[in-house]
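The lines below spell out each chain.
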Amino acid sequence: MIALLRTRTLHALRTRTTQAETEAAAARAEAEQHRQEACLATDAAIRAETTAEQLRTTLTHTTAEAARLEGELTALRAQSRLDTEDRQALRTLLRITRKHSTSTDRVWVLFHRGRLHSLHPTADAAEAAAEAEGAPRSGWTSHTPGAALPPACEVTWRVQPLPLRSATP
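Caption draft 1: Focus on the pattern of salt bridges. Scanning all chains against the criterion turns up five salt bridges. Two residues, E72 and R68, come together in a salt bridge whose shortest N-O distance is 2.2 Å. Of this pair, E72 and R68 both sit in helix α1 (residues 2-103), separated by four residues, roughly a single helical turn. With a relative accessible area of 36%, E72 lands in the partly exposed category. Here R68 falls in the partly exposed class, since its relative accessible area comes to 40%. Each of the salt bridges in this network shares a partner with another, and the network as a whole consists of E49, E53 and R56.

Caption draft 2: Representation of the side chain of S118. Assignment of secondary structure puts S118 in strand β2 (residues 115-120). There is a polar contact of 2.5 Å between the side chain of S118 and the side chain of H120. The contact partners of S118, leaving out residues within four places of it in the chain, are W108, V109 and L110.

Caption draft 3: Seen up close, the nonpolar core. Counting eight residues, the largest nonpolar core is built from W108, L110, A126, A129, A130, A135, W157 and V159. Within the residue set of this core, elements represented by two or more residues are β1 (106-112), α2 (123-132) and β3 (157-163). Top contributing element to this core by residue count: α2, with three residues.

Caption draft 4: Highlighting α2. Considered for burial, the residues of α2 that qualify are A126, A129 and A130. Down the axis of α2, the buried set is contained in an arc of 100 degrees. They therefore lie on one face. Set apart from the buried face of α2 by more than 90 degrees, the exposed residues are D124 and A132. Against β1, β2 and β3 lie the buried residues of α2. Positive backbone phi, at 115 degrees, marks G134, one or two positions downstream of α2.

Procedures and definitions
- Residues numbered from 1 in each chain as written.
- Predicted model: local features only at pLDDT ≥ 70, side-chain atom pairs only at ≥ 80, totals over all residues.
- Heavy atoms only, no water.
- Salt bridge = Lys/Arg side-chain N within 4 Å of Asp/Glu carboxyl O.
- Helix = DSSP H or I, 4+ residues; strand = E, 2+ residues; numbered from the N terminus.
- Buried < 20%, exposed > 50% of the residue type's maximum accessible area, 1.4 Å probe, protein only.
- Polar contact = N/O pair within 3.5 Å; in protein donor to acceptor, adjacent residues only side chain to side chain.
- Contact = heavy atoms within 4.5 Å.
- Core = buried A, V, L, I, M, F, W, Y, C linked by side-chain atoms within 4.5 Å.
- Arc of directions from axis to C-beta.

Here it is in structure tokens:
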């Protein structure tokens, strides 16, 4: 009987050993699978961290670029306003220049005792120049076109229009 018990015990022990070895092999296979999954997860985490860092860097650069572009836009808007104001001022000056250039078909000549004294754009400017030289403030007479002028020696100060453009047929 002792021999029987021992054989049964030995057989049971062998069966348990086989089961334990099978379970150990399954556990090793499962552990290896978990190690591979852990490696894959670690690699994925590293890639995710690298990608996140790249995205942070890109965000920083993009934010800086957006701020720079916003500053440029503000400067360009201000420059555009100045350019608009400059164009308006130039248009006004051009309009005034055209007005003066089309209406200036004569100059006013100031004579002193029959000798040329100065040229002026308006009769008022010529009279003011004569008054600055000592001519009386009153007593100016208008010359009627076509009428004979008194001799130059008889007139101390004379303002006379002089056409700038000749009439061509």
